[in-house]
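Each chain is listed here by its residues.
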Amino acid sequence: MVKNDGIFNYANAYYYKSPNLGNQIPAFSDADYLDFKRFLKAEKFSFDTETRLAMKNTLAMAKKENIDESINAEYQQLFSALQKSEDQLLDKNQKEIRTLIVDEIIKRFQYQEGLYQYYLQNNLEIKKAVMLLNNNLEYKTILKM
């Protein structure tokens, strides 16, 4: 999704839809995530998974061999199952996708500096690092390893 600019394009659309956010960090709600999924469908965004590419190649080869009409119904059924599976992956990976979307949206409103400020307050790895640096005993223990 990142490779095909789905998140990048959605962040642009979000920016132009909400130009008055300014320095506010957007609260990306469940409704916003549903809007993202609708955006992907409306833009006919496709996942370039190995499976999808293999299916496209199979259909292209079937057309070359003039057997595409005889397998079309099964192909469409398999393609529908693949789309359903991709939708489930969007739901399964929602947390990571939301993070990527919010990062992109912040870049539109606050540029890179705003993203760094957001990370300082919300990134789990940075919070853990700060906590570790503030705990001299634990920090020294790690250095001795």
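**Student:** Which residues make up the packing of helix α2 (residues 30-42) against helix α4 (residues 68-92), and what are the values?
**Tutor:** The contact between α2 and α4 brings their axes to 12 Å, and the two run at 150 degrees. Of the possible angle classes, the one that applies to α2 and α4 is roughly antiparallel. The two elements α2 and α4 meet at a crossing, and its hand is right-handed. Of the residues in α4, those touching α2 at Tyr33, Phe36, Lys37, Leu40 and Lys41 are Asp87, Leu90 and Asp91. When grouped by side-chain class, the residues that make up the contact of α2 with α4 number four nonpolar, no polar and four charged.

**Student:** Now, about the packing of helix α3 (residues 50-64) against α4: what can you tell me, with residues and values included?
**Tutor:** Closest axis-to-axis distance for the α3/α4 pair is 11 Å, and the angle between their directions is 170 degrees. Classified by the interaxial angle, the pair formed by α3 and α4 is roughly antiparallel. For the pair α3 and α4, contact is made by Thr51, Arg52, Met55, Lys56, Leu59, Ala62 and Lys63 and by Asp68, Ile71, Tyr75, Leu78, Phe79, Leu82, Gln83 and Glu86, respectively. The residue inventory of the contact of α3 with α4, partitioned by class, reads eight nonpolar, two polar and five charged.

**Student:** Describe the packing of aromatic side chains, and please don't skip the residues or the numbers.
**Tutor:** As enumerated under the stated definition, the model contains eight aromatic pairs in all. Taking the centre distance of 6.2 Å and the plane angle of 15 degrees together, the rings of tyrosine 75 and phenylalanine 79 count as stacked. Placement of both tyrosine 75 and phenylalanine 79 in helix α4 is noted, with a separation of four residues, approximately one turn of the helix.

Calculation rules
- Residues numbered from 1 in each chain as written.
- Predicted model: local features only at pLDDT ≥ 70, side-chain atom pairs only at ≥ 80, totals over all residues.
- Heavy atoms only, no water.
- Axes fitted to C-alpha atoms, helices over the stretch in contact; angles between N-to-C directions.
- Helix = DSSP H or I, 4+ residues; strand = E, 2+ residues; numbered from the N terminus.
- Parallel < 35°, antiparallel > 145°, perpendicular 65-115°, else oblique.
- Left-handed = near helix turned anticlockwise from the far one by under 90°.
- Contact = heavy atoms within 4.5 Å.
- Nonpolar A, V, L, I, M, F, W, Y, C, P; charged D, E, K, R; others polar.
- Phe/Tyr/Trp six-rings, centres within 6.5 Å; stacked < 30°, edge-to-face > 60°.

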